[in-house]
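Spelled out, the chains give:
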4 protein chains.
Amino acid sequence: MEDVVIQWQEKVSLKEPILVEGLPGVGNVGKLAADYLKDAVKARPLATIYSKYFPPQVYVNEDGTIRLVSNDLYYARGSRGRERDLLILVGDYQGLSPEGQYELTDRVLKAAQELGVKEVYTLAGFAQGHMVDAPRVLGAASSLSRVEAMKPLGVVFSRTDPGGGLLGASGLFLGLGRLYGMESVCLMGETSGYFVDPRGAEAVLKVLSQVLQRDIDLSALEGKAREIDRIAAKFREMEGKSAPEIPQAREDLGYIG
Amino acid sequence: MEDVVIQWQEKVSLKEPILVEGLPGVGNVGKLAADYLKDAVKARPLATIYSKYFPPQVYVNEDGTIRLVSNDLYYARGSRGRERDLLILVGDYQGLSPEGQYELTDRVLKAAQELGVKEVYTLAGFAQGHMVDAPRVLGAASSLSRVEAMKPLGVVFSRTDPGGGLLGASGLFLGLGRLYGMESVCLMGETSGYFVDPRGAEAVLKVLSQVLQRDIDLSALEGKAREIDRIAAKFREMEGKSAPEIPQAREDLGYIG
Amino acid sequence: MEDVVIQWQEKVSLKEPILVEGLPGVGNVGKLAADYLKDAVKARPLATIYSKYFPPQVYVNEDGTIRLVSNDLYYARGSRGRERDLLILVGDYQGLSPEGQYELTDRVLKAAQELGVKEVYTLAGFAQGHMVDAPRVLGAASSLSRVEAMKPLGVVFSRTDPGGGLLGASGLFLGLGRLYGMESVCLMGETSGYFVDPRGAEAVLKVLSQVLQRDIDLSALEGKAREIDRIAAKFREMEGKSAPEIPQAREDLGYIG
Amino acid sequence: MEDVVIQWQEKVSLKEPILVEGLPGVGNVGKLAADYLKDAVKARPLATIYSKYFPPQVYVNEDGTIRLVSNDLYYARGSRGRERDLLILVGDYQGLSPEGQYELTDRVLKAAQELGVKEVYTLAGFAQGHMVDAPRVLGAASSLSRVEAMKPLGVVFSRTDPGGGLLGASGLFLGLGRLYGMESVCLMGETSGYFVDPRGAEAVLKVLSQVLQRDIDLSALEGKAREIDRIAAKFREMEGKSAPEIPQAREDLGYIG
């Protein structure tokens, strides 16, 4: 079989589309944000991506039918004059191996290029290793002009973070995207890294809505975020009493999805 | 060499064949069931599948001759009017790596398609992590119509199990089978997951015999099952006395062959 | 680069050549025996095999020059009428991964076929996990006629050993060799599995010299064997005093080179 | 995507160029030396090498822009009559897997050959596992004539070191380089193996400057070296007091970059 199989559900012609990527990673911030965006803008399924670089796994839906693990491209038209079309990449997994990461990212970029994409935004979490009250959005970009364009939106470009660079799809879309002549930005919502974090996703989406000049109703995410705030509060309580051991969570810290 | 090598023993033309798969996995339920079915219907060898995705291993037969590890396709003609022809996949191993799993499954599906297969049944075990008295058969299917067709046969479609989905060949045949336009069902016999389980295989075959509208004499399997019942009884005794540590067996639990 | 690169030192035409393989493995029995055979019959270098399935490693010779790790084919002419030509495969490593094992073995078999090889003997160790005084030679073969031909030479075909089959090149040459229509025998010298064992190699070569109808002077090997006997004696002494812990050596036991 | 992608920044014609390689490895001696050489001779960027055999990672520069991990070729013209042109390979990583090591080295050698390279020098560290006061430079070479040419420059060719051979790019460039008909030398600066070691890099560059007949101003490296000397002094102090446990560092010892 082909290493990466793309099944197209529809043939579309897009207007200056922007690609937004959000796959599983630290705090699942990127995945939460991209999934939410996809629903909020009522994006339509465009293509399903299967690959031998994903686990050999199917999910079972509630009705008993199955679904092979995949990444999925959705698209949304710009409804008003000033809005550009959107291409959104979501999915169950990132590639399992380094080779898989490269092959999958390259294949999606190739497809995106054919659809006219010249600009990419990747969404990710940045693990701080401690509770974060008001998560900032850290940035990294393909060019200085992109860095400068992001600063007025509140994106923080730190000299020290992330020190070890970005590992995984969110970084690779920037790095390989350059070989396709694409401009790109990675938006990283700060998160503890200890649990799935809608607060970080919210922060990322607030910036992205400005970039895309689209209103995104964040109220549903706000609900999820409050729930996690309650868990976080309990967690903090525990932290106050004793040094907690969360080895599994900490293992994730080095990884920026 | 080719990644997957298929050696055909015979050239056959089959009548609406149904593919049944059963490879090693949890409690070896799928393998036990498919091997038993193969013998019960007096299936004949059709093709041997070698691959660099299997271990570099040969088995030594009792007479001193060797056999390279393989998967094997058998076929059985429908003896009466209402029976359809069968294609049965058995074997020593599943692919060792995710890539291997995908490549092997895809290659077998391709061959099956050329033989006219439009319907696939995969047999597997579902590890409960505790002793199971009367194993149920859990199901997952490629379509709602297949789900509905299975329910009257006693197959259970649970909203929660298997929560993590199906990992390995039994799931992948469903997922990739869809790309070949095949309808498919995975039948999972409940098992403790602690040892090879003919009881689970028996449960699966009872359902399958109805699906295939073939009488399958299960008495030999019943003998094996009673033996394991005796072991299980001892095990339960132990369980009653103290919390047993069966780390190796538990490792298997996440995996559905 | 090609996955497997064969550099030919010479172009030869061989008379009904027999391929003998001996690569590193349990007790290094196969490697010791094949290396010794190569020197004893004054075999000449025929081809060097490099591969990305070997480690990225060079050895440094005593004079400071380097040598990339490789497998090597040697050949020896039959000096008298009744002797057939020999092709001997020796080397630093077996393939690192299952894929590498398959690819390397297949590539050598292809080259061997082009040289006219129809018969293969692989040399290996069989780890008993305890000291062995008079090592037997266990066998496995591609066909019953080969099994029967070996029995009069003292080769033991056990119903139980090796229970888990043969893992690695020595088994794979038999299994894949069959796809090339080659007859083959694996000769396994019993060994403790705890250290490099010339005694096992000696046992294997005694059988092989009969097979090949060549006198092989084993005196030099006998010297090495006596040395190891001294070590073994000390080891046994230790064993008598306390249960020794040799975890590293035991790890090797499952592997038949 | 291609396994190895080379992006050329410039098209150059070089005069009998010598390739110098220095990638991360033991004590980062090779990388330190090659990076320093590159700056000292004011080498210019020639090509960037991306590969799926590197980690899927981007670095974030201080200004917020990113850089995909890579290896990089630089070149420097010989400024005076007796100097030959230089090609210098530096980079963030060696290939992650054995296959990656072979593919990357082979691809660079192919490019180097097209640029006219017939001579290669690889720079590496040799881990002694204890503090080294005055690091020697150990050598290994493609031919005896290269060994003899190095001895008058103070390079030590030891009968025993490195016993296990050279693992990684520095050895592979020698081994595979031979298949391209290239003469080559590996220069290994002795180092403890416990930390990044400019002292070892200095030793290597002193030899290399004689080989290249170029004056290289080592004063900046000397500064770094003194800093590490201070750390080493403290370390030795600790060593004197108790047996220190440096498991992480020791793990590196077997690896020669």
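Please read these numbers as outputs of a predicted model, since none were measured by experiment. (Residues numbered from 1 in each chain as written. Chains lettered and ligands numbered in written order. Predicted model: local features only at pLDDT ≥ 70, side-chain atom pairs only at ≥ 80, totals over all residues.)

Colleague: How would you sum up the relation of the copies chain B and chain C? Please name residues and give values.
Modeller: Its rotation angle being 90°, the transformation that places chain B on chain C also includes 0.1 Å of axial translation and leaves an RMSD of 0.1 Å. Read as a symmetry element, the transformation amounts to a four-fold axis. (Least-squares fit on C-alpha atoms with pLDDT ≥ 70 in both.)

Colleague: Outline the interface of chain B and chain A, listing residues and values.
Modeller: At the interface, 25 residues of chain B touch 15 residues of chain A. Every element with two or more residues in the side of chain B that touches chain A is listed here: helix 2 (98-114), strand 9 (137-141), helix 3 (144-150), strand 10 (166-167) and helix 4 (169-179) of chain B. A class-by-class count of the residues in the side of chain B that touches chain A yields 13 nonpolar, 8 polar and 4 charged. Sheet analysis places strand 4 (residues 57-60) of chain A next to strand 10 of chain B, joined by 2 bridges and oriented antiparallel. Across the sheet, the residue bridging to Val-58 of chain A is Leu-166 of chain B, located in strand 10 of chain B. (Contact = placed C-beta atoms within 7 Å. Helix = DSSP H or I, 4+ residues; strand = E, 2+ residues; numbered from the N terminus. Nonpolar A, V, L, I, M, F, W, Y, C, P; charged D, E, K, R; others polar. Pairing = 2+ DSSP bridges.)

Colleague: How would you sum up the pairing of strand 8 (residues 119-127) of chain C? Please name residues and give values.
Modeller: All names here are of chain C. Among the 9 residues that make up strand 8, 8 are buried, leaving the element largely enclosed by the rest of the structure. Both strand 2 (residues 18-21) and strand 8 contribute to a ladder of 4 bridges, which runs parallel. Bridge pairing links Ile-18 to Glu-119 in strand 8. Sheet topology places strand 8 next to strand 11 (residues 183-191); 9 bridges connect them, and they run parallel. Counterpart to Tyr-121 in the pairing with strand 11 is Val-185. (Buried ≥ 20, exposed ≤ 12 C-beta atoms within 10 Å, placed from the backbone.)

Colleague: Which residues make up the environment of Arg-199 of chain C, and what values do they have?
Modeller: All names here are of chain C. In this structure, Arg-199 sits in helix 5 (residues 198-212). Look at Arg-199 and you get buried, because 25 C-beta atoms sit within 10 Å. For Arg-199 and Gly-78, which are 121 residues apart along the polypeptide, the C-alpha to C-alpha distance reads 26 Å. Once residues within four sequence positions are removed from consideration, Arg-199 is found in contact with Pro-135, Ala-225 and Ile-228.

Colleague: Give me the lowdown on the sheet that holds strand 3 (residues 44-51) of chain D, citing residues and values where you can.
Modeller: All names here are of chain D. The sheet built from 8 strands is open, its strands ordered 1-3-6-7-2-8-11-9 with mixed pairing. Because the sheet does not close on itself, it has two edges, and the strands there are strand 1 (4-8) and strand 9 (137-141). Averaged over all neighbouring strand pairs, the angle between strand axes comes to 20°, with direction disregarded. Pairing geometry for strand 9 and strand 11 (residues 183-191), over 5 bridges, is antiparallel. In the strand pairing of strand 11, Gly-139 is matched with Leu-187. Across the sheet, helix 2 (residues 98-114) lies against strand 1, strand 2 (18-21), strand 3 and strand 7 (86-91), angled at about 30° from strand 1, the strand it touches most. Sheet strands touched by helix 4 (residues 169-179): strand 2, strand 8 (119-127), strand 9 and strand 11. Its angle to strand 8, the strand with the most contacts, is close to 145°. (Axes fitted to C-alpha atoms, helices over the stretch in contact; angles between N-to-C directions.)

Colleague: Go over the sheet that holds strand 3 (residues 44-51) of chain A, please, and point to the residues and values.
Modeller: Residue and element names in this part refer to chain A. One open sheet accounts for 8 strands, arranged 1-3-6-7-2-8-11-9; its pairing is mixed. Among the strands making up the open sheet, the edge pair consists of strand 1 (4-8) and strand 9 (137-141). When strand polarity is set aside, the average angle formed by the axes of neighbouring strands in this sheet is 20°. With respect to the sheet, helix 1 (residues 29-40) is in contact with strand 2 (18-21), strand 6 (71-76), strand 7 (86-91), strand 8 (119-127) and strand 11 (183-191), its orientation differing from that of strand 8 by roughly 135°. Along the sheet, helix 4 (residues 169-179) makes contact with strand 2, strand 8, strand 9 and strand 11, crossing strand 8 at roughly 145°.

Colleague: Run through unusual backbone geometry, naming residues and quoting values.
Modeller: You will see that Gln-213 of chain A, though not glycine, has its phi angle at about 50°, which is positive. Turning to its location among the elements, Gln-213 of chain A is positioned in the loop between helix 5 (198-212) and helix 6 (219-241). A tally of 11 C-beta atoms within 10 Å means that Gln-213 of chain A is categorised as exposed. Of note in this structure, Glu-16 of chain D is not a glycine but carries a positive phi near 40°. Among the secondary structure elements, Glu-16 of chain D is positioned in the loop between strand 1 and strand 2.

Colleague: Residues and numbers for the environment of Ala-225 of chain C, please.
Modeller: Residue and element names in this part refer to chain C. Relative to the helices and strands, Ala-225 is located in helix 6 (residues 219-241). Owing to 19 C-beta atoms within 10 Å, Ala-225 belongs among the partly exposed residues under this scheme. Put simply, Ala-225 and Asp-197 are 28 residues apart on the chain and 7.2 Å apart in space, counted from C-alpha to C-alpha. Beyond its immediate chain neighbours, meaning those up to four positions away, Ala-225 contacts Pro-198, Arg-199 and Glu-202.

Colleague: Break down the environment of Gln-9 of chain D for me, citing the residues and quoting the values.
Modeller: Residues and elements named next belong to chain D. Mapped onto the secondary structure, Gln-9 falls in the loop between strand 1 and strand 2. The exposure class of Gln-9 is partly exposed, given the 13 C-beta atoms found within 10 Å. Distance in space between the C-alpha atoms of Gln-9 and Lys-234 is 45 Å, their sequence separation being 225 residues.

Colleague: Give me the interface of chain B and chain C: which residues, what numbers.
Modeller: The partner chain C presents 25 residues to the 15 residues of chain B that form the contact. For the side of chain B that touches chain C, the elements supplying multiple residues, two or more each, are strand 4 (57-60) and strand 5 (66-68) of chain B. In terms of residue count, strand 4 of chain B provides more of the side of chain B that touches chain C than any other element does, 4 residues in total. Of the residues belonging to the side of chain B that touches chain C, the class tally is 9 nonpolar, 3 polar and 3 charged.

Colleague: Tell me what's going on with the packing of helix 2 of chain B against helix 4 of chain B, and back it up with residues and numbers.
Modeller: Residues and elements named next belong to chain B. Direction vectors running N to C along helix 2 and helix 4 enclose 55°, while the axes themselves pass 10 Å from each other. By the angle class used here, helix 2 and helix 4 are oblique. The chirality of how helix 2 crosses helix 4 is right-handed. On the side of helix 2, the interface is formed by Gln-101, Tyr-102, Thr-105, Asp-106 and Leu-109, while helix 4 contributes Ala-169, Leu-172, Phe-173, Leu-176 and Gly-177. Split by residue class, the contact of helix 2 with helix 4 holds 6 nonpolar, 3 polar and 1 charged. (Parallel < 35°, antiparallel > 145°, perpendicular 65-115°, else oblique. Left-handed = near helix turned anticlockwise from the far one by under 90°.)

Colleague: Can you explain the pairing of strand 7 of chain A? Please cite residues and give values.
Modeller: Successive side chains on a regular strand alternate, one facing one side of the sheet and the next facing the other. All names here are of chain A. Within strand 7, 6 of the 6 residues are buried, leaving the element largely enclosed by the surrounding structure. Here strand 7 shows a buried face lined by Leu-86, Ile-88 and Val-90 and a second buried face lined by Leu-87, Leu-89 and Gly-91. Strand direction decides the pairing type here: strand 2 and strand 7, joined by 4 bridges, are parallel. What sits directly across from Leu-19, in strand 7, is Leu-87.

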